[in-house]
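Architecture and fold: a report
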Number of protein chains: 2
Amino acid sequence: MSEIERKFVVSQLPEDVRGARAVRLRQGYLSVEPAEVRIRSRDDREHELTVKSIGALERVEVTLPLTPDQFEDLWPLARRSIDKIRTLHDVEGGTAEVDVYAGKLAGLVVVEVEFGSDADASRFTPPSWFGTEVTEDPRYRNAALAGAESPPT
Amino acid sequence: MSEIERKFVVSQLPEDVRGARAVRLRQGYLSVEPAEVRIRSRDDREHELTVKSIGALERVEVTLPLTPDQFEDLWPLARRSIDKIRTLHDVEGGTAEVDVYAGKLAGLVVVEVEFGSDADASRFTPPSWFGTEVTEDPRYRNAALAGAESPPT
């Protein structure tokens, strides 16, 4: 199931985005090869571990719940990780997810909008506070950002 | 918590060992680095996934239950694995765990006895059906056997 989405770097957040309900998302990789083993925390309330096959094997994905303590025990083992605050913001044509990165990616703010169809995606006109589009830029993929030492420039 | 145990290769299994209650044990590694991620199945009834830190980091170990289906989904992702049948057998001085390996290690039979103390371990006289002692032989460690393509010779 592939998502249709467009992604932009934000240079200046509007006031009402900054005030919106914020959720802290943390995601780390315990392994990327031969299987991807990822842990996730949503707002320090929901925690899970996912094992995914990579490469040409038959696709496998298994998700297991973690307790908060188990997540915190495992978090330091994740060499590649992302720590960000997400807020949702209504825009014309959809809902924007604004991710403000922390840690080694501090300073990076990315906004993403998902669409129901390719037509909706191309029809979308980004508001003025959206900056450069990075939808096709591989440096802004989740796994790439997790492994990066600083924001892409 | 280190175990005190002695390990031997078996050349000829006695009849009563072959008849004992057998348990199938499968163990596979989804990752060995930077964290060890291991899955285990005991007799196709109990299944679990364990994440362990390796190296000099503070020691972390988290074990999560798996359903039988989750285990079977993940099993093909384990590049290094062990599949063996274990039977227990009373011997003078303790209980022997006899492991008959299957798959790429077929032909290998190992017997292991655990002891409460170093004194008990050195006092132990192996029965005649125990073959060469391999307690100190690194090729017979679990992780080494899981990665081996054939029985050590």
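Residues numbered from 1 in each chain as written. Chains lettered and ligands numbered in written order. Predicted model: local features only at pLDDT ≥ 70, side-chain atom pairs only at ≥ 80, totals over all residues. Heavy atoms only, no water.

Thoughts on the relation of the copies chain A and chain B
With an axial shift of 0.0 Å and an RMSD of 0.1 Å, the rotation relating chain A to chain B amounts to 180°. Here the two chains are linked by the operation of a two-fold rotation axis. Considering only C-alpha atoms, the residue of chain A closest to the rotation axis is Ser31 of chain A, which sits at 3.1 Å. A symmetric contact is evident, with 100% of the interface residues of chain A recurring at the interface of chain B. (Least-squares fit on C-alpha atoms with pLDDT ≥ 70 in both. Contact = heavy atoms within 4.5 Å.)

Some details on the side chain of His89 of chain B
Note that His89 of chain B resides in strand 6 (residues 80–91). Ignoring sequence-local partners within four residues, the contact set of His89 of chain B consists of Asp16, Val17, Gly94, Thr95, Ala96 and Trp129 of chain B. (Helix = DSSP H or I, 4+ residues; strand = E, 2+ residues; numbered from the N terminus.)

Overview of the confidence of the model for chain A
With 95% of its residues at a pLDDT of at least 70, chain A reaches an overall mean of 90. Model confidence for the complex: the whole-complex pTM is 0.78, and ipTM, which rates the interface, is 0.74. (pLDDT = per-residue confidence, 0-100.)

Remarks on the interface of chain A and chain B
Listed per partner, the contact involves 22 residues of chain A and 22 residues of chain B. Of the roughly 1,800 Å² buried between chain A and chain B on both sides combined, carbon and sulfur atoms contribute 76%. Looking at the side of chain A facing chain B, the largest losses of area belong to Pro34, Leu64 and Leu77 of chain A, adding up to 28% of the total buried there. Summed over the shared surface of chain A and chain B, the number is zero salt bridges. Taken together, the links from chain A to chain B amount to one residue pair in polar contact (both at pLDDT 80 or more). Those elements giving two or more residues to the side of chain A that touches chain B turn out to be strand 2 (22–31), strand 3 (35–42), strand 4 (46–53), strand 5 (61–65) and helix 2 (68–74) of chain A. For the side of chain A that touches chain B, the per-class residue count stands at 14 nonpolar, four polar and four charged. (Buried area = accessible area lost by both parts, 1.4 Å probe. Salt bridge = Lys/Arg side-chain N within 4 Å of Asp/Glu carboxyl O. Polar contact = N/O pair within 3.5 Å; in protein donor to acceptor, adjacent residues only side chain to side chain. Nonpolar A, V, L, I, M, F, W, Y, C, P; charged D, E, K, R; others polar.)

A short note on the environment of Phe130 of chain B
Residue and element names in this part refer to chain B. Its place among the elements puts Phe130 in strand 9 (residues 130–133). Residue Phe130 is classed as buried on the basis of its relative accessible area, which comes to 6%. C-alpha of Phe130 to C-alpha of Val111: the two residues are 19 residues apart in sequence and 7.3 Å apart in space. Filtering out sequence-adjacent residues up to four positions away, Phe130 remains in contact with Phe8, Val9, Val91, Ala96, Val111, Val113 and Phe124. (Buried < 20%, exposed > 50% of the residue type's maximum accessible area, 1.4 Å probe, protein only.)

Considering the sheet that holds strand 6 (residues 80–91) of chain A
Strand pairs in the sheet, formed through backbone hydrogen bonds, run parallel or antiparallel to each other. Residues and elements named next belong to chain A. Pairing is antiparallel across the open sheet formed by nine strands, whose spatial order is 5-4-3-2-6-7-8-1-9. Two strands close off the open sheet at either side, each with one partner strand: strand 5 and strand 9 (130–133). Pairs of neighbouring strands in the sheet enclose a mean axial angle of 30°, with direction left out of account. Bridge count for strand 3 against strand 4 is eight bridges, and the pairing is antiparallel. (Pairing = 2+ DSSP bridges. Axes fitted to C-alpha atoms, helices over the stretch in contact; angles between N-to-C directions.)

Some words on the pairing of strand 3 of chain A
All names here are of chain A. For strand 3, the tally of buried residues reaches six of eight residues, placing the bulk of the element in the interior. Relative to strand 3, strand 2 is paired through six bridges, and the arrangement is antiparallel. Of the residues in strand 3, the one forming a bridge with Gly28 is Ile39. Connecting strand 2 to the antiparallel partner strand 3 that follows it, the hairpin turn spans three residues.

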